[in-house]
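Examination of the molecular architecture
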Amino acid sequence: MGLPIDECISLCMERKLLSEAIVYELCEQAKSVLLEEGNVRSVSAPCVVVGDVHGQFYDVLEIFRIAGPCPDTNYVFLGDYVDRGFYSVETILLLVCLKIRWPSRVTLVRGNHESRAVTQTYGFYAECMRKYGSSSVWAFITDFFDYLVLAVVIEDSIFCVHGGLSPSVHTLDQIRMIDRFREIPHEGAMADLVWSDPAPNTHLPNPRFTGSGEDMRSDFQISPRGAGYLFGKQVTRQFLTTNNLSHMCRAHQLCMEGFQILFDDLVSTVWSAPNYCYRAGNMASVLQVGPELERFFNVFGPAPEDARESPVKEASGGGGGVAFDDDDVSDDGVTMEQRKALRARGRRGSGGALGGGMVKEAGEGVFSNPTVTDFFM
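First things first, this report covers the structure right here in the doc. Residue indices begin from 1 for each chain and proceed along its sequence in written order. Restriction of local features to residues with pLDDT of at least 70 applies here, the model being predicted, together with a cutoff of 80 or more for giving and counting side-chain atom pairs; totals for whole chains, interfaces and linings are based on all residues. Remark: hydrogens and water are excluded; side-chain values derive from all non-hydrogen atoms of the structure.

**Focus: the overall build of the protein chain**
Filter applied, for reference: Helix and strand assignments come from DSSP, with helices taken as H or I runs of at least 4 residues and strands as E runs of at least 2, each series counted from the N terminus. Exposure classes here rest on a 1.4 Å probe applied to the protein chains alone. A residue is buried below 20% of its type maximum, exposed above 50%, and partly exposed in between. For this analysis, residues touch if any pair of their heavy atoms sits within 4.5 Å.
Within the protein chain, the regular secondary structure consists of eleven helices and 15 strands. Within the protein chain, the proportion of its 377 residues that are buried is 59%. Restricting the contact set of the protein chain to residue pairs at least 6 apart, pairs at least 24 apart contribute 75%.

What follows is the structure, given as structure tokens:
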């Protein structure tokens, strides 16, 4: 390889662009590493679970500052590394380098944005064209996406996935049998795992599925996203029970306070991109899983202004993607006062590691059920 991996990491941490040839070599090395991993990767606790980061490079650095650097901390990233933010290239290349350097301490799960079709629409393709002058780097990285794992199980107890459940998947073995080395299909189990969302009000049978009321699929509904499903408490409990699991952690949905807990603590959503698209005003979090599987959400705001560069906003729609034009967004349930308060907290940034950041145990009163808005992607 042209550059030692440690030197690549140093350059990436400084937000330096790597050459096209180096990007190709990194992606090939990372694919070789991922070939050794199954669709469902087993991870030991303690570890830190990270939700969507969407190219917000300086906020990724803030996560490493808050939760600890690699390899000191065992990280599980739940996908959606690119699109929306200004620094998708730098973000994904940093994570690729960390995966190569410490493969047992960094786990990369595939999200719905790790897709050729989605990245051509929501910023990553345009960013690669702007920064490299060709689509080659985009092609190298999206080929690498085909190798990412689909799910993680922490200590045979906590199931982690980007999106959610599927009416086609009842056991972990069924996920292990999926051919993941391809573009995300439009439908089927693989698509559902990266696109589905929990929906608390899906307890009535869906007319789309016929059969008795005991049919597990009766708790799925068609998703308004146009891909995946909405799944409810009944099938969540059934899936966890069938697979001898205790909890499901996923990402995929913006939470205004950084996380949400659903279905009597069967499901949690972790969101790790503060002030999403540089204007949403939301907090973010990482889920810290302790040695005894205790769960804490470390809530943080955007990286301090003196720790980031202010990007030049492009009018082309690439690289930034600050418009929510894919989601028909509404902010139901979030008052202007709440939004202003969240923005004020976000501007202050996080206070540091466990002592300074806001650490809330799963189920703790004040943050037991924060608002999830309809910012779907």
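The structure having been displayed, the exposition proceeds.
**Brief notes about the packing of helix H3 (residues 57-67) against helix H4 (residues 88-101)**
Where we set the bar: Fitted lines through C-alpha atoms give the axes, limited to the stretch in contact for helices. The angle between two N-to-C directions lies from 0 to 180 degrees. In this scheme the handedness of a crossing depends on how the near helix is turned from the far one: anticlockwise by less than a right angle means left-handed, clockwise means right-handed. Residue polarity follows a fixed list, in which Ala, Val, Leu, Ile, Met, Phe, Trp, Tyr, Cys and Pro are nonpolar, Asp, Glu, Lys and Arg are charged, and the others, Gly among them, are polar.
The N-to-C vectors of H3 and H4 enclose an angle of 35 degrees; their axes lie 9 Å apart at closest approach. Crossing hand, H3 versus H4: right-handed. Where H3 abuts H4, its residues Phe57, Val60, Leu61 and Phe64 lie against Glu90, Thr91, Leu94, Leu95 and Leu98. Residues belonging to the contact of H3 with H4 are distributed by class as follows: seven nonpolar, one polar and one charged.

**Regarding the sheet that holds strand S8 (residues 220-222)**
What links the strands of a sheet is backbone hydrogen bonding, and the strands pair in either a parallel or an antiparallel sense. Using the following cut-off: Pairs of strands are assigned from DSSP output, requiring at least two bridges between the strands.
Read across the sheet, three strands follow the order S7-S9-S8 without closing on themselves; strand pairing throughout is mixed. With one partner strand each, in any of the chains shown, strand S7 (197-198) and S8 form the two edges of the open sheet. Sheet topology note: the S7/strand S9 (residues 229-231) ladder contains two bridges and is parallel. Note on S9: the bridge partner recorded for Pro198 is Phe231.

**What about the environment of Cys97?**
For Cys97, the location among the structural elements is in helix H4. For the pair formed by Cys97 and Ile9, sequence separation is 88 residues and the distance between their alpha carbons is 5.9 Å. If sequence neighbours within four positions are ignored, Cys97 has contacts with Ile5, Cys8, Ile9, Cys12 and Leu26.

**Observations regarding the side chain of Asp146**
Along the chain, Asp146 falls in the loop between helix H7 (136-145) and strand S5 (151-154). In this view, Asp146 contacts Arg110, Arg116, Arg180, Phe181, Arg182 and Glu183; residues no more than four positions away in its chain are not counted.

**Some words on the pairing of strand S11 (residues 259-262)**
What you see with S11 is no split at all: Phe259 and Ile261 on one side and Gln260 and Leu262 on the other are buried throughout. For S11 and strand S12 (residues 267-270), the ladder comprises four bridges, and the chain directions are antiparallel. Along S12, the bridge assignment pairs Leu262 with Val267. Linkage of S11 to S12, two consecutive antiparallel strands, is achieved through a turn of four residues, within which Phe263 is found at a positive phi near 55 degrees.

**Considerations on the packing of aromatic side chains**
Heads up, the rule is: In this analysis, rings of Phe, Tyr and Trp, with Trp reduced to its six-membered ring, are considered paired at centre separations within 6.5 Å, and the interplanar angle assigns stacked below 30 degrees, edge-to-face beyond 60, and tilted for intermediate values.
Taken as a whole and judged by the stated rule, the model has 15 aromatic pairs. Ring geometry for Phe64 and Phe77: centres 6.4 Å apart, planes at 70 degrees, overall edge-to-face. Here Phe64, found in helix H3, pairs with Phe77, found in strand S3 (residues 75-77); they are 13 residues apart in sequence, far enough to count as distant. Taken together, the ring pairs connect Phe57, Tyr58 and Tyr87 into an aromatic cluster.

**Re the pairing of strand S10 (residues 247-250)**
Side chains His247 and Cys249 project from S10 onto one buried face, and the interleaved Met248 and Arg250 project onto a second face that is buried too. Relative to S12, S10 is paired through three bridges, and the arrangement is parallel. Note that in S12 the partner of Arg250 across the bridge is Thr269.

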